[in-house]
Amino acid sequence: MQRALSVSRTTGNRSTFPDWYQAIVREADMAEVSPVRGSMIIKPWGYGVWERIQQTMDRRIKEMGVDNCYFPLFIPLGFFAKEAEHVEGFAKEMAVVTHHRLKAIDGKLQPDPEARLEEPLIVRPTSETIIGDAFSRWIKSHRDLPLKINQWANVVRWEMRTRLFLRTSEFLWQEGHTAHADRADALASTLQALEMYREFSETVLAMPVIAGEKPENERFPGADNTFSIEAMMQDGKALQAGTSHYLGTSFARAQNIRFQGDNGELEFAHTSSWGTSTRLIGGVIMTHGDDDGLRLPPAIAPRQVVVVPMLRDKPEDAEVLAFGEALVRDLNAKVALGEPVRALLDVKAQKSSDKRWNWVRRGAPIIVELGPRDVAAGQVSFMRRDVLRDGDKVQSRQMPREAFIEAVPGLLAEIQQALYDEAKARLTANIRTDITSFEALAEYFGPAEEDDEAGAPFRGWVRAPWSRPGGEALDAVEARLKTLKLTLRNVPADQPSSFGACIFTGAPGVEEILIGRAY
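Draft legend 1. Expanded view of the sheet that holds strand β22 (residues 343–345). Taken together, the 5 strands give an open sheet; going across it, the order is β22-β19-β23-β24-β27, and neighbouring strands pair in mixed fashion. Only two strands of the sheet have a single partner each, and these edge strands are β22 and β27 (397–400). Here the average twist between neighbouring strands, direction ignored, is 25°. Bridge analysis of strand β19 (residues 305–309) against β22 gives 3 bridges, and the strand direction is parallel. From the neighbouring strand, V307 faces β22, where its bridge partner is L345. Sheet strands touched by helix α9 (residues 317–332): β19, β22, β23 (366–370) and β24 (379–384). Its angle to β22, the strand with the most contacts, is close to 165°. Packing of helix α10 (residues 352–362) onto the sheet brings it into contact with β19, β22, β23 and β24, and relative to β19 it is tilted by some 165°.

Draft legend 2. Region of the structure containing the nonpolar core. Ranked by size, the top nonpolar core spans 64 residues in total, and within it M30, I53, F165 and L205 carry the most contacts. Looking at which element gives the most residues to this core, the answer is helix α6 (residues 183–203), with 7 residues. When neighbours within four sequence positions are excluded, I53 is seen to be in contact with F200, L205, L280, I281 and I300. F323, A343, I405 and L411 belong to the second-largest nonpolar core, a separate cluster that totals 26 residues.

Draft legend 3. Molecular detail of the pairing of strand β12 (residues 170–180). With respect to burial, β12 is a largely interior element, 9 of its 11 residues being buried. The sheet contact formed by strand β11 (residues 147–156) and β12 spans 10 bridges and is antiparallel. Pairing of W152 across the sheet is with Q174, part of β12. Note that β12 and strand β18 (residues 270–277) share 8 bridges and pair antiparallel. In the strand pairing of β18, H177 is matched with S273.

Draft legend 4. Geometry of the pattern of salt bridges. Tallied over the full model, the rule gives 30 salt bridges. D112 is the partner of R101 in a salt bridge, and the nearest nitrogen-oxygen pair spans 3.0 Å. A residue pair is termed long-range when its members are at least 10 positions apart, and R101 in the loop between β7 (95–99) and β8 (102–105) and D112 in the loop between β9 (108–111) and β10 (116–123) qualify at 11 residues. A residue is classified by how much of its surface remains accessible, and D112, at 4% relative accessible area, is buried. A salt bridge links D292 to R389, with the shortest nitrogen-to-oxygen separation between them at 2.8 Å.

Draft legend 5. How the structure looks around the pairing of strand β15 (residues 238–248). Summarising burial for β15: 10 of the 11 residues are buried, a large majority. Across 8 bridges, strand β14 (residues 225–232) lies against β15 in antiparallel orientation. Across the sheet, residue T226 finds its bridge partner in β15, namely H245. Following β14, the chain reverses through 5 residues before pairing antiparallel with β15; G236 in that reversal takes a positive phi of roughly 90°. Bridge count between β15 and β18: 5 bridges; the pairing is antiparallel. Following the sheet pairing, Y246 is matched in β18 by S272.

Rules and cut-offs
- Residues numbered from 1 in each chain as written.
- Predicted model: local features only at pLDDT ≥ 70, side-chain atom pairs only at ≥ 80, totals over all residues.
- Heavy atoms only, no water.
- Pairing = 2+ DSSP bridges.
- Helix = DSSP H or I, 4+ residues; strand = E, 2+ residues; numbered from the N terminus.
- Axes fitted to C-alpha atoms, helices over the stretch in contact; angles between N-to-C directions.
- Contact = heavy atoms within 4.5 Å.
- Core = buried A, V, L, I, M, F, W, Y, C linked by side-chain atoms within 4.5 Å.
- Buried < 20%, exposed > 50% of the residue type's maximum accessible area, 1.4 Å probe, protein only.
- Salt bridge = Lys/Arg side-chain N within 4 Å of Asp/Glu carboxyl O.

Given below as structure tokens:
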């Protein structure tokens, strides 16, 4: 059987999921490794997906009353030194600039010893410190609050083990930052951002998630509370797809963000920060991809309908092209999922069969193959990427031209929903709730080999009661989980009214928490 992709998710009874993921990134023209270790080149199709994520999320950010801005890539080292817990969390990942000039010395280009910076600069790993510095100047009175900003930017965190889109030394993201007069308003803003991420992930990315609070050991460095959305990939692992942090007044105290309250007293502001990144693209690949390649939700597909004309260097080619041009023009006049349809006529000088499989790999939601017989019959032959095959056979469907044009908005909405429903069913079916002890947890997940990622069996997640231990007790829980390569994901927002005993300590449970292997 011909497949569009060179690697399947499984070979025999063994998972080849990591190789399959890399094959999609490569063969769907999403990205490639760059000459700079740990960094990636995002290719036009992959960047087109990121642009769609930006555009649709940016509208939601602005609806929250948040304004966009931009802050420098370089941050003085001293800014981080003001917040000890924050710098400790990022110290091992920071890229540092120490010189401002190169010089040829003994025929070799190297940093000029005389051009050493008085204070080293950190290449932005996140922007709480430099934005806090600006907030300290912008905020003087309670009338200046709340202050809400966002920036779309790149950040650098020097990763040792990288994987395109999921973990790279440089990646693209958005980071929101807000300042408020009190805890209640700041926490409400933190949770508003979390809910925006949940809704965006589920309705735009068609990627179901569970929103909740991270345990103490998984908090953002310096935060009082961290919340996340967790998505389940097709190999059962968790992907943290977005985070939102209530920072209390710790960053305000470090950066002297104070305001005069209505009582005339100076008070420290309560701040929050929240972010998502190009990691979302990795999540989409691992949630929706199949053995033929990527399947893109129509909401983020750069091209929703691709028309592939079957040209044979014959006189009727002109009629096929004219038919295709008119079809694309009429499709682009339609509206689907609240926006104009994005249709393309692929006229590249390639064999039509090669172009078809190229668009299958890329995950275009609807692929039209247009030949002289279709033109003569006034019909359209097309494939839906979400249900490409009936068994092993590729499904081709036919509709009269006008009926197809009218049907496309509904078809795109149907594909969007079908991808979500498929992923939601997988998530729901693969969360165990019947494990009541650590021994049972260890037996269920089994040992995890450090360098045999592909060999790990599918296990999904476990949702279990716990007593919310802290300090050394939590450290002990983390150490036990680490031997199984398991992590605490989050405490889901929806909780039952009563709980069993904690599977780690045996003490009465106070909430349920998700446990699983993760990216």
